[in-house]
Every structure is written in structure tokens, then in C-alpha cells.
Amino acid sequence: MKKDVTININGTDRTASVEPRLLLVHFLRERAGLTGTHVGCETSLCGACTVLLDGRAVKSCTVLAVQADGHKVTSIEGLANGNQLHAIQNGFWEEHGLQCGFCTPGMIMASHDLLCRNSNPSDPEIREAINGNLCRCTGYQHIVSAVKNAARKMNEAVAAEPAGTR
């Protein structure tokens, strides 16, 4: 028996009738057409499917679409502002935090969650935040550098804001 769900994805409400067993990752890719979220292991081990659910990083292969009904999801496509990449996306580009790119969306979303909670994380804190996301190519040091780059730029942007606008 199908259930109607409405999920706010990247600021837009998406409504669909879904089977109760449909995973959020498949809803994003197949129903919403957002293929930036990758299907990896489908067992929650690799983290390639990481998105933000109400601002917190979750592995979308472990969340049913019906569980996300009425909630806010941000996928990798929702971070950029038009053609302007988010500071974290730029950090991965500038610090070579990606190679094949398969893990990159999940790593970026996990990093976003971290930087929203901790604007100046240490290397061990970054490694802890991404420990549920696997990368087979980079050796992780470039990813850590990318997150530090993003943190620095995000902090500089906040510091540059006029007083009273924060």
C-alpha cells in the first residue's frame, strides 16, 4: 500500500506516492532526479549516500522516504548557490580532496554537518566526523586539508559580515 509523502529537498517540496520500503537515497535519485547522492554499499558502511536531514548528516540508505515525510533534506545539489560553489565544495576542489569522486558528495555533506557544529575543527575532529565515510583513492589527508580550507573561508566570510547582520 503506497503512502503519500512530501519532503522538502533543497528548498523545494517534492510530493510522491511511495512504497513504505522505498529508501530516501532512491527517492532522491529516482523520484527527485537528484543523482549527486550516490548509492554505494546500501548497508550504511560507505557513506556515499550521506545527506542532511533537518541539518544533520544521515546515510540516506538507512532512512525510508516515509521517515523523511515532512522533513527538510539537503543533498549535494543544494549546497551551491546557483553557479557559486559552497566553501566546502571549493575546498575539496582547491585541496585535491577528491580523485574518482564517488565518495565526494557524502564526504562534503558529512563535513558540512561538522562545520555547522564546530567552525574550527582540529584534524582529529575532522577525521572523527568523516569516519563513517569511506574513500578508496585519496588517503584522507587531502580531505582533511579540504575541510580545514573550507572552515577558514567560512570563518573569514563570517568575520567580514558587517556588525549586527550575524
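Just above, that's the structure.
Caption draft 1: Expanded view of the overall build of the chain. If you tally the helices and strands in the chain, you get five helices and five strands. The helix and strand sequence of the chain, counted from the amino end, reads β-β-α-β-β-β-α-α-α-α. A total of 166 residues make up the chain; the buried ones form 43% of that total. Pairs at least 24 residues apart make up 55% of the contacts formed inside the chain by residues separated by at least 6 positions. Within the structure as shown, the chain displays about 8,700 Å² of accessible surface, and the carbon and sulfur contribution to it stands at 50%.

Caption draft 2: Spatial organisation of the sheet that holds strand 5 (residues 72-74). Taken in spatial order, the five strands line up as 2-1-5-3-4 in an open sheet, and their pairing is mixed. The two strands at the open ends of the sheet, each matched to only one other strand, are strand 2 (12-18) and strand 4 (56-59). Between one strand axis and the next, the sheet turns by 40° as a mean value, whatever way the strands run. Of the pairings in the sheet, the one linking strand 3 (residues 50-53) to strand 5 comprises two bridges and is antiparallel in character. Looking across to strand 5, one finds that Leu53 is bridged to Val73. Lying over the sheet, helix 1 (residues 24-31) contacts strand 1 (3-9), strand 2, strand 3 and strand 5, oriented at roughly 105° with respect to strand 2. Strands strand 3, strand 4 and strand 5 of the sheet are contacted by helix 3 (residues 104-117), whose axis makes an angle of about 40° with strand 3.

Caption draft 3: A look at the pairing of strand 1. Sheet analysis places strand 1 next to strand 2, joined by seven bridges and oriented antiparallel. Of the residues in strand 2, the one forming a bridge with Lys3 is Val18. Note that strand 1 and strand 5 share two bridges and pair parallel. In the sheet register, Ile9 faces strand 5, and the bridge partner there is Val73.

Caption draft 4: Inspection of helix 1 at higher detail. Turning to helix 1, its buried residues are Leu24, Val25, His26, Phe27 and Leu28. Turning to helix 1, the residues buried within the fold contact strand 1, strand 2, strand 3 and strand 5. Phi turns positive, to about 70°, at Gly33, one or two residues after helix 1.

Caption draft 5: Seen up close, the nonpolar core. By size, the foremost hydrophobic cluster in this structure holds 20 residues, and its most contacted members are Ile88, Phe92, Met107, Ile108, Leu115, Ile143 and Val147. Breaking this core down by element, the ones donating at least two residues are helix 2 (87-94), helix 3 and helix 5 (141-160). Non-local contacts of Met107, meaning those with residues more than four positions away in its chain, are made with Phe92, Ile130, Asn133, Leu134, Cys135, Tyr140 and Ile143. Counting 18 residues, the second largest nonpolar core, distinct from the first, contains Leu22, Val51, Val58 and Val73.

Parameters at a glance
Residues numbered from 1 in each chain as written. Predicted model: local features only at pLDDT ≥ 70, side-chain atom pairs only at ≥ 80, totals over all residues. Heavy atoms only, no water. Helix = DSSP H or I, 4+ residues; strand = E, 2+ residues; numbered from the N terminus. Buried < 20%, exposed > 50% of the residue type's maximum accessible area, 1.4 Å probe, protein only. Contact = heavy atoms within 4.5 Å. Areas by Shrake-Rupley, 256 points an atom, 1.4 Å probe, with all protein chains shown as cover. Pairing = 2+ DSSP bridges. Axes fitted to C-alpha atoms, helices over the stretch in contact; angles between N-to-C directions. Core = buried A, V, L, I, M, F, W, Y, C linked by side-chain atoms within 4.5 Å.

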